[in-house]
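So you can see what is in the structure, the chains are spelled out below.
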Amino acid sequence: MDWSRILVNVAGEIFAPTTAAYALAAIGLNVHFGLTGLLNMGQAGFMLLGAYGFAISTIAGWPLWAAVLVAIACAAVFGLLLGIPTLKLRGDYLAIVTIAAAEIVRLVGRSTALTELTGASSGLRGNSYKDTFQDASPFPDGTVALGPFEYAMNASNSWWVRIVGWAVVALACLLIWLLIRSPWGRVLKGIREDEDAVRSLGKNVYSYKMQALVLGGVIGAVAGIIYVLPRAVQPDSMGRPMTFFVWTILLLGGAATVFGPVLGSIIFWVSLMLIKSVMRVGVPESIMRTEQIEQFGWIVVGVTLMLLVIFRPQGILGDKKELAIDVR
Amino acid sequence: MRRAATRDRSTAGALAALGVLLLSLLLLLADPGTARAASAGCVADAATGCINGTIRTADQQPAVGVVLDVDGPGGASSATTDADGRWTVAVTAAGEYTVTLDVATLPAGETLRDPAGNPRTVTVALGSSTGALFPLGDPPAGGSGGSDDATEPEPGSTAPAADGEVGAPAGSSDSGSFSWGRLAQQASSGLVFGVLLALASVGLSLIYGTTGLSNFAHGEQVTLGAIVAYLGVQSLGLPLLVAGVLAVLVGAASGWLQDAGIWHPLRRRRVGTTQQMIVTIGLSMALQYTYQFFFGGGALRIVTTTPTMVTLGPVRISATSLWSLLIAAVVLAGVAYFLLGTRVGRATRAVSDNPALAAASGITVDRIVRLVWVLGAALAALGGVLMGLYLNATSWNMGGALLLLMFAAVTLGGLGQAFGALAGSIVIGLVVEMSNLVIPSDMRYAGALLILILVLLLRPQGILGRAERIG
């Protein structure tokens, strides 16, 4: 592997579908944490539910729009169920419950009892649910090269997934921008800063938190769909680590900002790819095996998260005054 | 305060009674030395059938440490492949069994040639051996899996591997689909599991009580204990007992280092607890992958011999588990005495009640917190060693998988209440093992987590908590 190829690979991460999916998931988490101050540690659960909802209903023969609606509905119901017991409690209870609920989704999904529905731990194959999405593409099939980037137009890891994924990200950013400026968004920020003050103004804090939880979760579910479109639905690849990556991305870019999650996702995946590809070339096999390089990448992510939270909790774009951490 | 004290005393009484009970149980038992002398394998006779197989990697090397779960009319049990890649399970009832290979325990880079063949159903007859084969290697052309899905380097495909099951306890199989015997069997497994879980959760609860920190990296302290014991036994050739003591010492040292290096400076910088909680998440991630970096993704068996089984009335239990139970009970009783009977212990509870008031009455809060970190990490390490023995194997993510059960136990008992954590752990242990009776065994952790959510819905302060503690 030569350097120009590494560079192309790394640059490809800037607009890869995975980057878009994580950016979208972080935008959802931003509604929870950045705007409302909710510690949702189960974003991967929303994503996995969205992925399952989409894939299973497509396999059952439903059209594309219906499958997306099913995914959204799954996440909304999940958010409601989670919110009822926890939104009245202290923040760290919400963290523990959401992380547990996401694990329940994963454990049930990978259980052999549901093999016919979810494919158990081997998951659902990509080809079984991609057709409706690929057929919706207005572009002709074949491979298209744009500069050094060459992908299939419609199949699997395609331009079509990229176009749709980033269009959704752009829409979500617009939505967040409008929400932050709206009266509704101001109430959310008020809840983040001082719940009791907002309550004393006669606002139903519980209901606002619930709306934020469901909205962020639904955005997470759509992110889940985009995440699984170029691959397969694998419950074990959408577990706790995924939630933590989303958190790292959000805190890296900056919580409570519009473009923070997008910038965070791009930086996260580009630097991860850069570290891994450079190490694959630069570090001999005798010092570090290939899979160890992979793990080294994740260790770097963990340490980055620690350092970020300690030294720059507002992230790259964030404003320290608008910090959602530790309001209670 | 007075009521709290009486309640604590009664809990301690219950603890002591439990200890005495366990001790008398143990006196009835055979020599524990046989635990290591047993032979592996399964001999089919009139009352026993065997399921076995050999797993080889794509280049025909034995695949070591692959975990297989077997479930059927004779109950659920599990097996791990040995140095030759062989595995075997003895069953006591004929019928159809489901054999599930835990793909997360396959050696790095290996996949099943036919993922659709996992889980696999085999028919077992008593008095004979039945094979269940799981060929590894690339799927045949045009086959299943990721041939078309993996066109881009999968982020996270190797990293977030399964952290569901590490292995199933030895000897959790007996008799028919439902019987009082099986109920007793599962209840006893649950009790053992719960007491071992308590070792880890008491530390988690103490740390929460004194610092207000939900430590998401506590699971990694558990893994640390198990891995040090594994290294001690398998690499240094130490006797298990010495390796266990070494693991506890390393655990205690890591607790001291962690508080001195990370948490004390953060408290001094006035970094809030929520922020610290996210730091623990980063730490947990970094530590988990560090373990995987050095020890790989497979199962690590601390002791490779098959445990001796002891029959107590309707219950079959391994001698190792009984010893673990005894050690855990003695240690927990010691912790209870420390908290209730010593000055430092009383100071610890005072800090846990109200740090500012404790500081004002002359208690050095920082020193108490340091002590709690050392104690909590040492208990977690001990829990890790015993849990690694109980589950037959440890792995890089064992603690991570147990973390949520610990949180469930701690929440159930009331956040920050040390004795609540003990009671909560036993309940969670029983739920995890006894839910096998009604739901599939691979969902048993999910049942425990559901309880966590229900507790928060119905009694958020936990069994022993006070309502004022929730905000």
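This text follows the structure it describes.
Quick notes on the rules
- Residues numbered from 1 in each chain as written.
- Chains lettered and ligands numbered in written order.
- Predicted model: local features only at pLDDT ≥ 70, side-chain atom pairs only at ≥ 80, totals over all residues.
- Helix = DSSP H or I, 4+ residues; strand = E, 2+ residues; numbered from the N terminus.
- Rg over C-alpha atoms; globule rule 2.2 N^0.38 Å.
- Buried ≥ 20, exposed ≤ 12 C-beta atoms within 10 Å, placed from the backbone.
- Contact = placed C-beta atoms within 7 Å.
- Expected span 1.5 Å × (residues − 1).
- Bend = angle between axes of the 7 residues up to and from the residue.

J.: Which residues make up the overall build of chain A, and what are the values?
T.: In terms of helices and strands, chain A carries 14 helices and 2 strands. Taken against the 2.2 N^0.38 rule, which gives 20 Å for 328 residues, the C-alpha radius of gyration of chain A at 20 Å falls within 12% of a compact globule. Judged by the C-alpha coordinates and their principal axes, chain A covers about 60 × 45 × 40 Å. The burial tally for chain A puts 57% of its 328 residues in the buried class. Looking at chain A alone, contacts between residues at least 24 apart form 75% of all its contacts between residues at least 6 apart.

J.: So, helix H2 (residues 180-211) of chain B: which residues are in play, and what are the values?
T.: Residues and elements named next belong to chain B. A rise of 1.5 Å per residue sets the reference length of H2, with its 32 residues, at 46 Å; its end C-alpha atoms lie 44 Å apart and thus fit the reference within 8%. Where H2 bends most, at Leu 199, the angle is about 35°. Summarising burial for H2: 26 of the 32 residues are buried, a large majority. Looking one or two residues beyond H2, the residue adopting positive phi is Gly 212, at roughly 75°.

J.: Lay out unusual backbone geometry in plain terms, naming residues and giving numbers.
T.: Phi at A:Ala256 is positive, roughly 65°, even though this residue is not glycine. In this structure, A:Ala256 sits in the loop between helix H12 (240-253) and helix H13 (260-282). Residue classification places A:Ala256 among the buried residues on the basis of 25 C-beta atoms within 10 Å. The phi angle at B:Asn392 is positive, at roughly 75°, despite the residue not being glycine. Residue position: B:Asn392 is located in the loop between helix H9 (365-390) and helix H10 (398-413).

J.: Explain the environment of A:Ala26 to me, and be specific about the residues and the numbers.
T.: Residue and element names in this part refer to chain A. Among the secondary structure elements, Ala 26 is positioned in helix H2 (residues 17-35). Overall, Ala 26 belongs to the buried group, with 34 C-beta atoms counted inside 10 Å. C-alpha of Ala 26 to C-alpha of Val 300: the two residues are 274 residues apart in sequence and 19 Å apart in space. The contacts of Ala 26, once residues within four sequence positions are left out, are Val 246, Ile 249, Leu 250, Pro 261, Gly 264 and Ser 265.

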